[in-house]
Structures are given as structure tokens and as C-alpha cells.
Amino acid sequence: MSFGAAKDIARRVVPDEQHQILILDFRLVPTFDTTAAFAIETITTNANDQNVRVILSGLTTDAQSVLERLSIIGGGNEVVLAESRAQALHIAAQCLADC
């Protein structure tokens, strides 16, 4: 994912108090450059600030490594990882049932 694509996504994805969960599916994204990773960090930070749970699904090993190296995963943001979109939807359904 390039910076331009991530910047556009960051501008369009604006969670608010009406949302409880945000699922971002990256199964077609092989890796991120650093600026794209920081755009994803902006999305996850904004979501967390609005008490919206974030689930990232379908990350490749390379993409996950970039996010971990920059502390976007495992840093201050609460992000749940799912292997697939189906698993992400299952996690979201469980969360909504428990809330």
C-alpha cells in the first residue's frame, strides 16, 4: 500500500461515536511503506479515541512486521488481529454480544 492510497483511506475512514467496531481487511495488500503504516496508525488512533475497537484482518507477514516495527501493533493503540475477514467478523460479533 502506498502513501497516496493510505492517505486517501485515512481521510475517508473517520470512526465516530456511532461506530463500535472498525474492520480493515488487508488480504490484498502485500506490504506497506512507512508513510502508509503511519496513515494506518492515524486511523487506529482516531478509532481508539472514539472507543471504537479496531480489527485488522488478512495481514501478510511482511505487512504485520512493518506495523510491529513501528509499534502500530503492540504499541499504544488497541488493535485486534484476525487471520481472515471471516475471523474478523466472528470477533466483531462476539464483541458486540459482550458489550
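In what follows, the accompanying structure is described. (Residues numbered from 1 in each chain as written. Predicted model: local features only at pLDDT ≥ 70, side-chain atom pairs only at ≥ 80, totals over all residues. Heavy atoms only, no water.)

So, the pattern of salt bridges
Cut-off, in case you're wondering: Any carboxyl oxygen of Asp or Glu that lies within 4 Å of a side-chain nitrogen of Lys or Arg is treated as forming a salt bridge with it. Counting from the N terminus, the helices are DSSP H or I runs at least four residues long and the strands are E runs at least two residues long. Only protein chains enter the calculation, and the probe is 1.4 Å; a residue is then buried if its accessible area is under 20% of its type maximum, exposed if over 50%, and partly exposed in between.
Counted by the stated rule, this structure contains 2 salt bridges. Across the pair Asp25 and Arg27 runs a salt bridge whose closest N-O atoms are separated by 3.1 Å. With its nearest N and O atoms 3.4 Å apart, the salt bridge here joins Arg85 to Asp25. Placement of Arg85 in helix H4 (residues 85-98) and of Asp25 in strand E1 (residues 21-25) is noted, with a sequence separation of 60 residues between them. Arg85 gets classed as partly exposed once you look at its relative accessible area, which sits at 41%. Among the ionic contacts, a cluster of salt bridges with common partners joins Asp25, Arg27 and Arg85.

Focus: the nonpolar core
Applicable threshold: We define the nonpolar core as a collection of buried residues of types Ala, Val, Leu, Ile, Met, Phe, Trp, Tyr and Cys that are connected through side-chain atoms lying within 4.5 Å of one another. Working rule for contacts: check all heavy atoms of both residues, and any pair within 4.5 Å makes them a contact.
Of all hydrophobic cores here, the largest spans 20 residues; its most connected members are Phe26, Phe32, Leu56, Leu59 and Leu67. Looking at this core, the element that brings in the most residues is helix H2 (residues 34-49), giving 5 residues. Apart from the residues lying within four places of it in its own chain, the contact partners of Leu59 are Phe26, Phe32, Gln64, Leu67, Ile73 and Leu81. Within the second largest apolar cluster, 7 residues are counted, among which are Ile55, Ala82, Ala92 and Cys95.

Quick look at the side chain of Asn48
Looking at the element boundaries, Asn48 is found in helix H2. Exposure remark for Asn48: the relative accessible area of 18% places this residue in the buried category. For Asn48, the contacting residues outside a window of four places in its chain are Val54, Asn77 and Glu78.

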